[in-house]
Amino acid sequence: MLVPCLIVFALFIIWPLGKSVSLSLHGSDLFGRPDAFVGLQHYRDMLGSAEFRHILWVTLAFVLLTVIPGVLGGLAIVLLLEQHIKGIRVFRTAFALPFAFSVASASVIFATIYNPAIGLANGMLGRFGVDRVGWLTDPSWALISVAITTVWMSIGYNVLVLSAGIGAIPAEINEAATLDGAGGWRAARFITVPMLGPQLFFLIVISTIQSLQGFGQIKILTPEGGPEQSTKTLVYSIYHTAFANNASDFGAASAQAIVLLVILLACTAIQFGVLERRVHYK
Amino acid sequence: MRNLTVGRVITYAVLIVAAIAVIFPVYYVIAGSIMSPGQISSYPPDLFPHGLFTGNYKGATSTTAIGRQYLNSVLQTSVITLSQLITSVLAAYAFVFMKMWGRTVLFGLFLGTLMVPWESIVLPNYLTITGWSVGGERLTASYAGTMVALVLPFLANAFGVFLLRQSFLQFPTELRDAATIDGCGHWRFIRQILLPLNKPALMAVGLYVFLAAWNQFFWPLLIGDNASRRTLQIGISQLNDVEAADPGLILAGVTLSILPTLAIVIFGQRFIVRGLTAGAIR
């Protein structure tokens, strides 16, 4: 009964994992297909290259620009929703809506809004007399614009997770707080936020992982990795290195894929490590 | 009723502003899709449609391959969802109800596959699948072959196994033993007792897998190599390149593409929350 799963995992996850490592140790022919064994050459090239350092830097900036606003924004919304407001279900559904949008649909909508000539973003700025912004064409704005799109996509999920976390806080704790005279923001500050610790931690890790894997929004909004490569993250670079016209190189791309794997495994290890400690603490 | 203090007014005001910011792109995609070309690119921008203009929908369905791509996506998503449900039920059943050698190790291996990011194994998978041939022809050279290549790596996933295992573990062992003694075999037990009792978990897995498959971007971008073989997500992202001067038509295409997932998020929210937060709440 485990056989169907095992076949799929073996063929499309485990074997490719080994193949990725082996590809990263091989060079590429004119068509980007693997040929001679080159050992650690790709890794040496990467470590010595200013371009690769730039890619890592863009990747880190993208993570920070998406995870911090996404998690804090989600937390702010959930805390506001907790203040016994009316129409909470309507608000909750409203905040969950972005979750229905795929990476492609969200990116295409934002591409329309960011359109330099007829887009809404510049149109609205123009109304207030502010100069046009090159949302996706200005190197200092492109990554921020892509990050805004990503935060919009993730906020629905963050609200769902934190709402569920609040629902799991035992009612007695809130009652005790009310009896002691801690209502509204005091309760939020000293009870709700600390009790949401595990969910917040989970969201930070999960958002970091998703951000590191972000690809569609970058490919659609800034097809060439952005002006002056300002949106070229690690994942985009893997794609670009493997499938670029005329310069396809599966070997070098696989070495980058292994770097991505190591970074993501480290994130997961941190998650498990901390969760483990929490369980023991309880 | 609670009295309306300054604090509560601010709470509502902030929530409403946040809700507008989050919902605005959702509103704009629908409103823009029924605006005439003149209206949507007017300056200063006009946010409210003047009546219902259907030309964008006619244009999107007649001049592009969206109709065909919709079918491709429905096919791809249905096969993936159905297959993952079946393989996950079988594996979860084995992990919970069958005593076998190395069960813990195998389950650890299953969970381990969840930690491998798709982006780090996509290149070898691409080389493997595009390298296969059927009857002397490349697999991806035919329409049917392309569809097979689209779904093959995703026919099983450990996430569904993990979630269903959690749910099956709730089932009392004594009942299972009683059923066995009464001569109830594996298949009958699964079909007549286990599945009906685990409908919420099955719904959660089904909807989650459906959303993920419908929204896939990276793999379908590599596999479908002409318009009639692409999935909807790739189709709408390319509208963005081809029809950039006609935002109304692009938004009509996007609106059509999000209808199924929007319905799931609005009507299936409680199941989704269960699936999504499975990792967050322990």
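All values derive from a computational prediction rather than experimental measurement.

How each quantity is defined
Residues numbered from 1 in each chain as written. Chains lettered and ligands numbered in written order. Predicted model: local features only at pLDDT ≥ 70, side-chain atom pairs only at ≥ 80, totals over all residues. Heavy atoms only, no water. Helix = DSSP H or I, 4+ residues; strand = E, 2+ residues; numbered from the N terminus. Rg over C-alpha atoms; globule rule 2.2 N^0.38 Å. Buried < 20%, exposed > 50% of the residue type's maximum accessible area, 1.4 Å probe, protein only. Contact = heavy atoms within 4.5 Å. Areas by Shrake-Rupley, 256 points an atom, 1.4 Å probe, with all protein chains shown as cover. Lys, Arg positive; Asp, Glu negative; His and termini not counted. Charge placed at Lys NZ, Arg CZ, Asp CG, Glu CD. Core = buried A, V, L, I, M, F, W, Y, C linked by side-chain atoms within 4.5 Å. Buried area = accessible area lost by both parts, 1.4 Å probe. Salt bridge = Lys/Arg side-chain N within 4 Å of Asp/Glu carboxyl O. Polar contact = N/O pair within 3.5 Å; in protein donor to acceptor, adjacent residues only side chain to side chain. Nonpolar A, V, L, I, M, F, W, Y, C, P; charged D, E, K, R; others polar. pLDDT = per-residue confidence, 0-100. Axes fitted to C-alpha atoms, helices over the stretch in contact; angles between N-to-C directions. Left-handed = near helix turned anticlockwise from the far one by under 90°. Phe/Tyr/Trp six-rings, centres within 6.5 Å; stacked < 30°, edge-to-face > 60°.

> How would you sum up the overall build of chain B? Please name residues and give values.
Secondary structure summary: chain B contains 15 helices and two strands in total. A compact globule built from 282 residues would reach a C-alpha radius of gyration of about 19 Å, whereas chain B, at 24 Å, exceeds it by more than 25%. Overall size of chain B, expressed as C-alpha extent along the three principal axes, is 75 × 75 × 35 Å. Taken over 282 residues, chain B has a buried fraction of 52%. Excluding contacts between residues fewer than 6 apart, the proportion of contacts in chain B whose partners are at least 24 apart in sequence is 69%. With an accessible surface of roughly 12900 Å², chain B has 67% of that area assigned to carbon and sulfur atoms. Both charge centroids of chain B, one from 17 positive and one from 10 negative side chains, sit 12 Å from each other.

> Help me get a handle on the overall build of chain A, residues and values and all.
Of regular secondary structure, chain A possesses 13 helices and two strands. Judged by the C-alpha coordinates and their principal axes, chain A covers about 75 × 60 × 40 Å. Relative to its 282 residues, chain A shows a buried fraction of 54%. Considering only contacts within chain A whose residues lie at least 6 apart along the sequence, 66% involve residues at least 24 apart. Of the roughly 12900 Å² of accessible surface on chain A, 67% is carried by carbon and sulfur atoms. Of note, chain A has its 16 positive side-chain charges centred 7 Å away from the centre of its 14 negative side-chain charges.

> Describe helix α6 (residues 120-127) of chain A, with residues and values.
Listing the buried residues of α6(A) in full gives L120(A), A121(A), N122(A) and G123(A). In the core, the buried residues of α6(A) are packed alongside α5 (103-114) of chain A together with α1 (6-33) of chain B. Downstream of α6(A) by a residue or two, G129(A) has a phi angle that is positive, lying close to 75°.

> Give me the lowdown on the nonpolar core, citing residues and values where you can.
Counting 167 residues, the largest nonpolar core has F95(A), F101(A), F110(B) and W219(B) as its most contacted members. A total of 14 residues in this core trace back to one element, the largest contributor, which is helix α3 (residues 50-81) of chain A.

> Just give me the short version of the interface of chain A and chain B, but keep the residues and values in it.
Opposite the 83 residues of chain A that make contact, chain B presents 91 residues. A buried area of about 7600 Å², summed over both sides, lies between chain A and chain B, and 80% of it is on carbon and sulfur atoms. Of all residues in chain A, M1(A), L2(A) and F12(A) give up the largest surface area on contact with chain B, accounting jointly for 11% of the area buried on that side. Counting across the chain A and chain B interface gives zero salt bridges. Counting the contacts that link chain A with chain B gives six residue pairs in polar contact (both at pLDDT 80 or more). Counting residues per element, the side of chain A that touches chain B draws most heavily on helix α1 (residues 3-23) of chain A, at 15 residues. Residue classes in the side of chain A that touches chain B are distributed as 62 nonpolar, 16 polar and five charged.

> Got a sec to walk through the confidence of the model for chain A? Specific residues and values, please.
Averaged over every residue, the pLDDT of chain A is 85; residues scoring 70 or more account for 93%. Looking at the elements of chain A, mean pLDDT is at its lowest for helix α9 (residues 184-195) of chain A, recorded as 75, and at its highest for helix α11 (residues 216-221) of chain A, recorded as 94.

> Let's hear about the pattern of salt bridges: which residues, and what values?
Residue and element names in this part refer to chain A. Going through the model one piece at a time under the given rule, you end up with one salt bridge over all chains. Notably, a salt bridge pairs K232 with E51, separated by 3.0 Å at the nearest N-O pair. Here E51 lies in helix α3 and K232 lies in the loop between α11 and α12 (234-243), a separation of 181 residues in the sequence. Assessed through its relative accessible area of 6%, K232 is described here as buried.

> So what about the side chain of N215(B)? Which residues, and what values?
Checked against the element boundaries, N215(B) lands in the loop between α11 (199-214) and α12 (218-223). Among residues more than four places away in sequence, those in contact with N215(B) are F101(A), S102(A), Q233(B) and T261(B).

> How would you explain the side chain of T140(B) if you had to name every residue and give the values?
Residues and elements named next belong to chain B. Looking at where T140 falls in the secondary structure, it is placed in the loop between β2 (137-138) and α7 (143-151). At 2.7 Å, the side chain of T140 and the side chain of R138 are in polar contact. Discounting chain neighbours no more than four positions away, the residues touching T140 are T130, G145, T146, A149 and R229.

> Give me the packing of α3(A) against helix α10 (residues 197-213) of chain A: which residues, what numbers.
A pair of packed helices is captured by two measures, namely the crossing angle of their axes and the spacing between those axes. Residue and element names in this part refer to chain A. Running from N to C, α3 and α10 point in directions that differ by 145°, and their axes come no closer than 9 Å. When the axes of α3 and α10 are compared, the crossing they make is right-handed. Contacts from T59, F62, V63, T66, V67, V71 and L75 in α3 reach L200, L203, I204, S207, T208, S211 and L212 in α10. Split into classes, the residues belonging to the contact of α3 with α10 amount to nine nonpolar, five polar and no charged.

> Let's hear about the packing of aromatic side chains: which residues, and what values?
What the rule picks out here adds up to 35 aromatic pairs over all chains. Judged by centre distance (5.7 Å) and plane angle (40°), the ring pair of Y239(A) and F243(A) falls under tilted. Here F243(A) and Y239(A) lie together in helix α12, a separation of four residues that amounts to about one turn. Residue class for F243(A) comes out partly exposed when judged on its relative accessible area of 23%. Residues W118(B) and W219(B) carry aromatic rings whose centres are separated by 5.3 Å and whose planes lie at 80° to one another, so their mutual orientation is edge-to-face. Taken together, the residues W118(B) in the loop between α5 (103-113) and α6 (122-131) and W219(B) in helix α12 connect sequence positions 101 residues apart.

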